[in-house]
Structures are given as structure tokens and as C-alpha cells.
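Spelled out from the first residue to the last, the chains are:
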Amino acid sequence: MRSCSVDQLGSGEMAIALCIMIIFGGTLVVANDPYQYEDWTVSYIDASPLGVMQKVIAINDQFPGPQLETTTNYNLVIRVHNELDEPLLITWDGIQQRKNAWQDGVAGTNCPIQPGRSWTYNFKMKDQIGSYYYYPSLLFQKAAGGFGSIRVNPRRNIPCPFAPPAADFVVLIGDWYKTDHKTMRSVLDEGRLLGSPDGVLINGRGPLESSFTVEQGKTYRLRISNVGLTQTLNFRIQGHRLLLVETEGSYVAQTYYSTLDVHVGQSYSVLVTMDQSIPADFHIVASSRFTWPTLYGLAVLHYSTSHRGLVSRDLPPAPNDVQSSYEQARSIRMNLTAGAARPNPQGSYHYGQIKVNKTYVFANSALKVKGKQRFMVNGVSSLRPSTPLKLADYLKIDGVFHVGSIPDHPIDWATPSVASSVVAGDFRAFVEIVFQNPENALQSWHINGYAFFVVGMGPGRWSRESQRGYNLVDAVARTTTQVYGNAWTTVLVELDNPGLWNIRSQELQRQWLGQELYLRVVNPAGNDVKMQEEPPPHNLLLCGRALIHDAG
Ligand SMILES: *[C@@H]1O[C@H](CO)[C@@H](O)[C@H](O)[C@H]1NC(C)=O
Ligand SMILES: *[C@@H]1O[C@H](CO)[C@@H](O)[C@H](O)[C@H]1NC(C)=O
């Protein structure tokens, strides 16, 4: 049996209890899946990734944070101790939190962990495998770091569509500003925009400051995530091809690329074979793709027997057109015969044959409101709630939000407004979501709680005609998709995960200034008890109007 990893069980302190009984909400639950415990302290450390000393956010004194390595169906218990001087939440980008939005770690679902306090996340890696990342979701803290890789190994009895690699490398790429995140926040709150980033980091380090040592002839798996704020990055390795094998939990039909566009928030696994006949050092490059001037993140691929230094100063070339990026996106397809978390679930799921119940069209826009820059979806700029919407919903606190505060299609005559944006989704409806981008700037969209099929993208304005070009056979399921400038992208998804889910721009300044919304999916009472949402956790935090409500 081939497994996907070198080291299936990982190295973290892992307590495995095979048959743990927990009393939960008055019912006796027998859980057969192992528990994994993590203890994280989040604090500032001094670092100078681009030559200027900065306060960066570290986890257990590491920047980037430690890789969260786990396995399908494990129960995670992660204690987060906040030693920052501001409130904190960690969100798990791409982890689906089945029926459990209570652990999602965004402003609309959780009260923050106050400075000096701890809070324990409790969630299950239900039916997931693959590569993702986590980051601090509040107060623009992602600009100061606090991010790390998530790796979900398949269970031992699930076969892998490729031979185990010699090693597995984390490659976190992202643009970076030398400015303090609090300063960036105040610039945005004054209604101005951030300028171009100052550079691109690879694993938290500046140009040529990180290196990966490899043995000639061996094959390695690189888990690449774009953890940056704004820039699409083109990833490439001098003299080596990238065999794409996985995108955010889907095994793809394996394809070689010389370069790979990684949009903000996206994750990929590639296999790279060290097939150069003369051992040397090679450039690893992550450079900004659709903006000028080009910023370069550089690292070194070092053959263990090389004493020659860099093989050449020249960087491998990057594409500079949009068309090739479209073509690459369309070429990334699901491997329909490969299983992932369960034996072959995607292949047996014929999403293309399911009738669509409803179409949503979400159009982004940029506009000034009272002289200040805001970003909108269908004319509504989302406000950050001081009472989590999820909590207001559960405790039935009026006036925090109302479902339908944002239309599900763009309305041309609408006057721009500001609200806590929530749309309704019918439980188990199969929906088409069109992201329409009327701006020149590329967009990157993410939906929490789900993986969706990216069935089509094209220039101009989406219409019913556009549906003809959809890939209804082997589109890839993922959690973040790009939308090119003046273009649309359509995703299909079954709303089978009850909860309140954040749909957001992965570009932090756009999200901060309103380009996000929540999708509320409720399983009607009495309908399929197994699919009811989890009750709130025993350690539920209260804040905002929930505090007053609770006291009264
Ligand atoms: C798809 O997965 C199967 C089963 O693991 C594997 O044998 C095959 O090589 C994969 N095909 C491609 C094109 O990646
Ligand atoms: C979606 O459409 C199917 C087929 O028309 C129907 O059976 C189902 O009830 C609909 N589901 C929802 C949630 O509207």
C-alpha cells in the first residue's frame, strides 16, 4: 500500500486514545478517532525579514508558525495562548469544520481571545486530506505573520496516487510590508489604500535566506501556500519541472508545469525530482505576477553534493500574459480515479449531473464612501461585527444582522450601503456561485466551510450563455479561486454543511474594507438529526451584545 507521506504519524506530541467516551451536550458519544493536542503561545518576536527590524507574530517563538500536521478524522485540541497586546483569533483556511462553525475563528463566528488569555479550539479533520494554512484573522495581524502550514495526511489504509516522496517541504510564499500592521490598519481606517508591498518572503525569509537541501535523483513534495496580502505569485525552480499533484485537498490529474501561478490564499502540492546531472544550487523563485514593478522572493535548492554555489545568476523566466494563466487554471483537473479522504469519493460524485437549485452572483467593486475607500459586494460593504453573527443568531439577539442584508445578485440602481452582510443558503441546495469582477485587478475569493468545484472562468460579464463552457466532468474541488480582471469565475457547491460561513476576498485590505459576506445555512429542525449543527462548545466565549444578553 502506498501512502502519501514519508512520516505518516508526524512528530508532534500526539496522544492517541482509541476509544474515548465523552459526555457532550448530555449525550454519550463514542469516538474512535484519535485525539491530537497542541499548545500554542502567540507572541511578538523581533525579526528583520527584509533588512528592517520588525515586530512579527510568532507561534511558540517560530515565524512562520509550526506546521500543523495531522491526519484525516483526527480530533484536534489546540490551546491558543494570546501574548499579543490585542485580541486574537486563528482561522484554519480550507479546513471545513463540518457542522461546527463555532471553531472557524473569524470575526463573524467567534469572540476574540483577549490579551493574556487562552482559548482551546476543538475540531475534527472530518473527511479531509491535503495542504492548507492557518493565520490570525483579526486586526490585520496577518500582515505581521502568525501564519503556518496545515498538512492533513490520509489515513493509512487510503492509497495515494503517487509514490511517497523522499521528504515533504513547507513552502510558504507571500508578499510582505516593512510597515507595522497597526500602522497599516490606521492607513486603511483613514480611508487610504496600501501601496505596493516591499518584497516577497519564502518561509518568512528575505531573498536567498532560506534553502532546501536535497539529494540528487530523489523526488520531494513541496506544499506551497500563498500566505501574502495582495499579490499573485508565480512559482518556479530553475532547471526543474513541477509535477502538480494536489490542490487544497483534491488530487489532480498529474501534470508538469515549468511555472505555477499561486493566487493569494491558494495551496498546491508539487512533486519535484532532482534530475539535474551536475549537482549545483538552483534558484527557487516566487515573483509577483500581474503587477509592476515585479517583486522577487528567492530561495535556494541545494543539492547535497554541490560545492559550486548558484548555477547561474539568471532567474528562470516567468510568463507575462494573462492568457497563459487562464489556460493553466483550466488545465488543473481532478483525478477521477484517485481517492482522497475516503476511497474515491470525488470520482463517484457526479456533480455535473445535479440540477442547480439557485444561482448567486457576487460582484465586487471599489468605491469611496464619505471620502473613504471601501470595497463592496453587490453594492454592500460589510462591517466587522462587534457581536459575532453566529452568536447573535444562536442567542436570538435582534439588530445585529438580518439575513438578506446583501442581495444575491448585483443590482445596478442600488445605492452603496454598509451592513453586516448575510445571505441565506438552503440546506442541501446545490448552488451555482458566480464571482463577477468588473475591476481590472485580479480577485481571489474564499468560502469557509466548503470545497467547491471551479467549473468555469472567462472574460467579460457572466450570462446564462457562459454555462455552456462549464467543465461538468472533472473540475477541481478547492477552497480559494481567482477571478481575473474584468472576468467571471463560477463555482458549484452543495450546501450540505450547516453553519454561518465567511465568504471573503483573500486580499486582506479588500476584506478589511468590506469585501466579504456570510452565508447562513440552516438545517431545518427535525430534518436529518445527524446533520444538525454542533451545539456551542462548553468554553464558548461571549462578547459584545452577547455579554449583556447573557447577564440579563
Ligand atoms: C490518478 O490516480 C490513479 C489512482 O491512484 C493513479 O494510478 C493515476 O496515475 C492518476 N492519474 C493521473 C493522470 O494523475
Ligand atoms: C433542489 O432541486 C432538487 C431537484 O429539483 C429538489 O429535489 C430539491 O428539493 C431542491 N433542494 C433545495 C434545498 O431546494
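Quantities reported herein were computed from a predicted structural model and do not represent experimental measurements.

Novice: Would you mind going over the overall build of the protein chain in detail, with residue names and values included?
Specialist: Looking only at helices and strands, the protein chain has five helices and 34 strands in total. A compact globule built from 552 residues would reach a C-alpha radius of gyration of about 24 Å, and the protein chain, at 22 Å, matches this within 12%. If you line up the protein chain on its principal axes, its C-alpha atoms span 70 × 60 × 50 Å. For the protein chain, contacts bridging at least 24 residues in sequence account for 78% of all contacts bridging at least 6. A total accessible area of about 21,800 Å² is found for the protein chain, and carbon and sulfur atoms account for 52% of it. Distance between charge centres in the protein chain, computed from 47 positive and 47 negative side chains, equals 3 Å.

Novice: Give me the lowdown on the layout of surface pockets, citing residues and values where you can.
Specialist: Looking at the second largest pocket, its volume works out to about 510 Å³. Considering the residues around the second largest pocket, the lining is formed by 28 residues, among which Thr 230, Thr 291, Ala 441, Leu 442 and Glu 507 are closest to the centre. The set of elements that each furnish at least two residues to the lining of the second largest pocket consists of β23 (372-377) and α4 (508-512). Classifying every residue of the lining of the second largest pocket by side-chain character gives 15 nonpolar, eleven polar and two charged. Two domains each put at least three residues into the lining of the second largest pocket: domain 2 (168-331) and domain 3 (349-551).

Novice: Give a detailed account of the domain arrangement of the protein chain, specifying residues and quantitative values.
Specialist: For the protein chain, the assigned domains are domain 1 (11-153), domain 2 (168-331) and domain 3 (349-551). The distance between the C-alpha centroids of domain 1 and domain 2 comes to 24 Å. Contact residues are listed per partner, giving 29 residues for domain 1 and 36 residues for domain 2. With both chains or domains summed, domain 1 and domain 2 bury close to 2,700 Å², and 64% of this area falls on carbon and sulfur atoms. When the buried area of domain 1 at its contact with domain 2 is split by residue, Leu 50, Ser 131 and Phe 140 rank highest and sum to 25% of it. Inspection of the region where domain 1 meets domain 2 yields three salt bridges. Ionic pairing is found between Arg 151 and Asp 168, a salt bridge with its closest N-O pair at 3.7 Å.

Novice: Can you break down the sheet that holds strand β26 (residues 422-426) residue by residue, with the values?
Specialist: The strand order across the open sheet formed by five strands is β26-β34-β33-β28-β31, and the pairing between neighbours is mixed. The open sheet has two edge strands, β26 and β31 (480-483), and neither has a second partner. Strand-to-strand twist in this sheet, taken as the mean axis angle between neighbours without regard to direction, amounts to 25 degrees. Bridge count between β26 and strand β34 (residues 516-522): five bridges; the pairing is parallel. Note on β34: the bridge partner recorded for Asp 426 is Val 522.

Novice: Describe the packing of aromatic side chains, listing the residues and the values that go with them.
Specialist: Tallied over the entire structure, the rule returns 24 aromatic pairs. A centroid spacing of 6.3 Å and a plane angle of 25 degrees characterise the contact between Tyr 35 and Tyr 37, whose relative ring orientation is stacked. Of the residues examined, Tyr 35 reaches a relative accessible area of 10% and is grouped as buried. Judged by centre distance (6.2 Å) and plane angle (85 degrees), the ring pair of Phe 290 and Tyr 484 falls under edge-to-face. Residue Phe 290 is found in the loop between β20 (281-288) and β21 (296-303), and its partner Tyr 484 is found in the loop between β31 and β32 (487-494); the two are separated by 194 residues along the sequence. Among the aromatic residues, those joined into a ring-pair cluster are Trp 40, Trp 92, Trp 119, Tyr 121, Phe 123 and Tyr 134.

Novice: Hey, could you go over the state of the cysteines for me, with residue numbers and the actual values?
Specialist: All told, the structure shown has one disulfide when counted by the stated rule. Covalently, Cys 111 is tied to Cys 543 through a disulfide, its sulfur atoms 2.1 Å apart. Because the sign of the S-S torsion sets the handedness, a value of about -80 degrees for the bond joining Cys 111 and Cys 543 places this disulfide among the left-handed ones. A residue pair is termed long-range when its members are at least 10 positions apart, and Cys 111 in the loop between β7 (90-93) and β8 (118-124) and Cys 543 in the loop between β34 and α5 (545-551) qualify at 432 residues. Among the residues examined, Cys 111 registers a relative accessible area of 4% and is labelled buried. The buried category is assigned to Cys 543, whose relative accessible area is 11%.

Novice: Let's hear about the pairing of β23: which residues, and what values?
Specialist: Burial within β23 is extensive, with five of its six residues counted as buried. For strand β22 (residues 358-369) and β23, the ladder comprises six bridges, and the chain directions are antiparallel. Bridging across to β23, Leu 367 finds its partner in Arg 374. Here β22 folds back onto β23, and the loop between the two strands holds two residues, one of which, Lys 370, carries a positive phi near 50 degrees.

Cut-off values and rules
- Residues numbered from 1 in each chain as written.
- Chains lettered and ligands numbered in written order.
- Predicted model: local features only at pLDDT ≥ 70, side-chain atom pairs only at ≥ 80, totals over all residues.
- Heavy atoms only, no water.
- Helix = DSSP H or I, 4+ residues; strand = E, 2+ residues; numbered from the N terminus.
- Rg over C-alpha atoms; globule rule 2.2 N^0.38 Å.
- Contact = heavy atoms within 4.5 Å.
- Areas by Shrake-Rupley, 256 points an atom, 1.4 Å probe, with all protein chains shown as cover.
- Lys, Arg positive; Asp, Glu negative; His and termini not counted.
- Charge placed at Lys NZ, Arg CZ, Asp CG, Glu CD.
- 1 Å grid on protein atoms, 1.4 Å probe; cavity = no way out; pocket = protein on both sides within 12 Å on 5 of 7 lines; lining within 4 Å.
- Points joined across faces, edges and corners; volume = space filled by probe spheres on them.
- Nonpolar A, V, L, I, M, F, W, Y, C, P; charged D, E, K, R; others polar.
- Domains from an automatic or database assignment.
- Buried area = accessible area lost by both parts, 1.4 Å probe.
- Salt bridge = Lys/Arg side-chain N within 4 Å of Asp/Glu carboxyl O.
- Pairing = 2+ DSSP bridges.
- Axes fitted to C-alpha atoms, helices over the stretch in contact; angles between N-to-C directions.
- Phe/Tyr/Trp six-rings, centres within 6.5 Å; stacked < 30°, edge-to-face > 60°.
- Buried < 20%, exposed > 50% of the residue type's maximum accessible area, 1.4 Å probe, protein only.
- Disulfide = S-S within 2.5 Å.

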